[in-house]
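Here is what each chain is made of, one letter per residue.
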Amino acid sequence: MLEDINLKPYNTFGIAAKAKWFTELQTEEDALNFFKENNLAKTPHLILGGGSNILLTKDFDGHIIKNAIKGIEITFEDSTEVNLKVGAGENWHNFVMYTVNNSFFGLENLSLIPGCVGASPMQNIGAYGVEVKDTITKVYCIDKANGSKRTFDKGECEFGYRTSIFKTKLKDQYFIYAVEFKLSKKPKFHLEYGAIKTELESMGVKESSITIKDVSDAVIAIRKSKLPDPAEIGNAGSFFKNPVISKQEFKQLKIKFEDVAAYIQKDGSYKVAAGWLIEKAGWKGFTEGDYGVHKKQALVLVNYKNAKGSEILALSERIIKSVKAMFSVSLEREVNIV
Ligand code: FAD
Ligand code: EPU
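Below you will find a few notes about this structure.

Rules used throughout
Residues numbered from 1 in each chain as written. Chains lettered and ligands numbered in written order. Predicted model: local features only at pLDDT ≥ 70, side-chain atom pairs only at ≥ 80, totals over all residues. Heavy atoms only, no water. Axes fitted to C-alpha atoms, helices over the stretch in contact; angles between N-to-C directions. Helix = DSSP H or I, 4+ residues; strand = E, 2+ residues; numbered from the N terminus. Parallel < 35°, antiparallel > 145°, perpendicular 65-115°, else oblique. Contact = heavy atoms within 4.5 Å. Nonpolar A, V, L, I, M, F, W, Y, C, P; charged D, E, K, R; others polar. Pairing = 2+ DSSP bridges. Disulfide = S-S within 2.5 Å. Buried < 20%, exposed > 50% of the residue type's maximum accessible area, 1.4 Å probe, protein only. Near = heavy atom within 4 Å. Polar contact = N/O pair within 3.5 Å; in protein donor to acceptor, adjacent residues only side chain to side chain. Areas by Shrake-Rupley, 256 points an atom, 1.4 Å probe, with all protein chains shown as cover.

## Some thoughts on the packing of helix α3 (residues 194-202) against helix α4 (residues 212-226)
Here α3 crosses α4 at 105°, and the two axes come no closer than 9 Å. The angle between α3 and α4 places the two elements in the roughly perpendicular class. Taking contact as the criterion, the partners of Ala195, Ile196, Glu199 and Leu200 in α3 are, on α4, Asp214, Val215, Ala218, Val219, Ala221 and Ile222. Here the residues of the contact of α3 with α4 are counted per class, giving eight nonpolar, no polar and two charged.

Right, dumping it as structure tokens:
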């Protein structure tokens with residue numbers, strides 16, 4: 001256990017907050033012992049993966065538990081499918097590259113998302129027409145209250161758009177130590193997202209001969225063209241979720257804002273592009289002090305150098321108010337505020 005650690009290298013926003021205690025768990029056994037031996041009920045604590053979906057707004061007067069459990073194990077395989085049980089501390093993108101290199105289909109659209117495997121079920125990560133729930137079969141957890149194990153089947157995880165039971169009903173109750181995925185050995189591409197087809201065309205790839213690597217490369221190229229690299233500019237990806245509104249609310253919005261970017265959902269509701277709302281409200285490229293709104297993607301708030309988390313949180317408040325006043329739409333944060 002380390003003491004008085006600077007968390008700047010541990011969060012992609014690059015916020016310099018201090019933590020009182022810091023423990024890294026490297027194996028499942030480490031984790032079981034840790035939660036059996038430490039009663040965390042009265043100690044503020046935070047489980048940390050890659051720190052790419054958190055905003056630290058102050059020093060953390062408690063215990064940071066960094067998950068570093070590694071390993072990729074094949075738990076089932078036949079001629080058409082493979083199941084992989086993956087340590088929660090594996091880097092997400094490295095794991096996706098492992099699946100791409102082995103032609104295990106299903107995760108290629110989720111290339112280059114920062115963070116660790118263990119956080120992927122937390123908010124059901126998604127990009128370019130795929131959500132991780134489409135491939136997850138089991139989430140292996142430890143109950144933080146008593147150190148006992150519990151495995152959640154996919155159906156129990158209550159996955160939704162950027163949410164799961166671990167972010168809602170069972171928030172802060174479980175430590176995820178591994179996740180199991182079922183991937184296909186037969187090609188099954190998800191090319192519905194317009195930008196992927198356009199990117200594949202510009203790469204000179206013919207639809208009849210697309211490979212898993214082509215799809216992954218196309219996704220990586222699109223992401224690099226839009227999203228800031230946290231190694232250069234601090235950020236946590238989309239700061240807000242895309243708000244889902246009713247058909248009636250959408251009709252009202254469309255009357256006033258003819259060109260509003262929105263997508264109809266299976267249940268008839270509409271998912272509105274928050275980036276569009278924020279841009280129309282005049283925030284795109286906004287800069288103040290060391291923080292601001294990314295100039296290429298209005299959904300991404302950024303720390304240019306030494307911004308405080310509290311300043312970025314205050315900026316997000318201003319954006320929420322301004323979008324509400326202009327469009328009567330409520331934005332909800334995707335990033336976890338600590
Ligand atoms: P952390 O930030 O470390 O943790 C996030 C939350 O999960 C915290 O509340 C933490 O306590 C909890 N947690 C983490 N690990 C565990 C565990 N093992 N057990 C229990 N709780 C845990 N997300 C998308 O969905 N799609 C995208 O396209 C996308 N693009 C991004 C692009 C950029 C440039 C960045 C910086 C972020 C992006 N994100 C995206 C957000 C982020 O990468 C994901 O949410 C990722 O899964 C977070 O992983 P992490 O390990 O960094 O989680
Ligand atoms: N748009 C604007 N201005 C902007 C940004 C976006 O008008 O500044 C509009 C455009 O019309 C664009 C539409 O918004 O067509 C959608 O933009 P984009 O394709 O960039 O996707 P997004 O809705 O902004 C979502 C996810 C991303 C994910 C991409 C690709 C959320 C909150 N965000 O962004 O996830 O990578 O789609 O699938 O759902 C994340 O969660 O951190 C994240 C980066």
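## What about the pairing of strand β6 (residues 72-77)?
Every regular strand shows the same layout, with side chains that alternate between the two sheet faces. With five bridges joining them, β6 and strand β7 (residues 81-87) adopt antiparallel strand pairing. Residue pairing in the sheet places Ile72 in a bridge with Val86 of β7. The antiparallel hairpin formed by β6 and β7 contains three residues in its connecting segment.

## A word on the state of the cysteines
For the structure on display, the rule yields zero disulfides. This cysteine, Cys157, is not joined by any disulfide, and Cys141 carries the nearest cysteine sulfur, 7.4 Å off. For Cys157, a relative accessible area of 0% gives the class buried.

## Describing the environment of Lys188
Checked against the element boundaries, Lys188 lands in the loop between β12 (174-184) and α3. Of the residues examined, Lys188 reaches a relative accessible area of 53% and is grouped as exposed. With 119 residues separating them along the chain, Lys188 and Ile69 place their C-alpha atoms 30 Å apart.

## Describing the site of ligand 1
In the vicinity of ligand 1 lie 32 residues, with Ile47, Gly49, Gly50, Ser52 and Arg223 positioned nearest. A distance of 2.8 Å is found between an oxygen atom of ligand 1 and a backbone nitrogen or oxygen belonging to Asn53. Protein chains shield 93% of the accessible area of ligand 1, which is 980 Å² for the free molecule. Of all the secondary-structure elements, those providing two or more residues to the shell around ligand 1 are β3 (45-48), β8 (126-127) and β12. For the shell around ligand 1, the class distribution of residues is 17 nonpolar, 13 polar and two charged.

## A few points about the environment of Lys280
By the element assignment, Lys280 lies in helix α6 (residues 274-280). Look at Lys280 and you get partly exposed, because its relative accessible area is 40%. Residues Lys280 and Met326, 46 residues apart in the sequence, show an inter-C-alpha distance of 9.1 Å. Once residues lying within four places of it in the same chain are set aside, the contact partners of Lys280 are Asp259, Met326 and Phe327.

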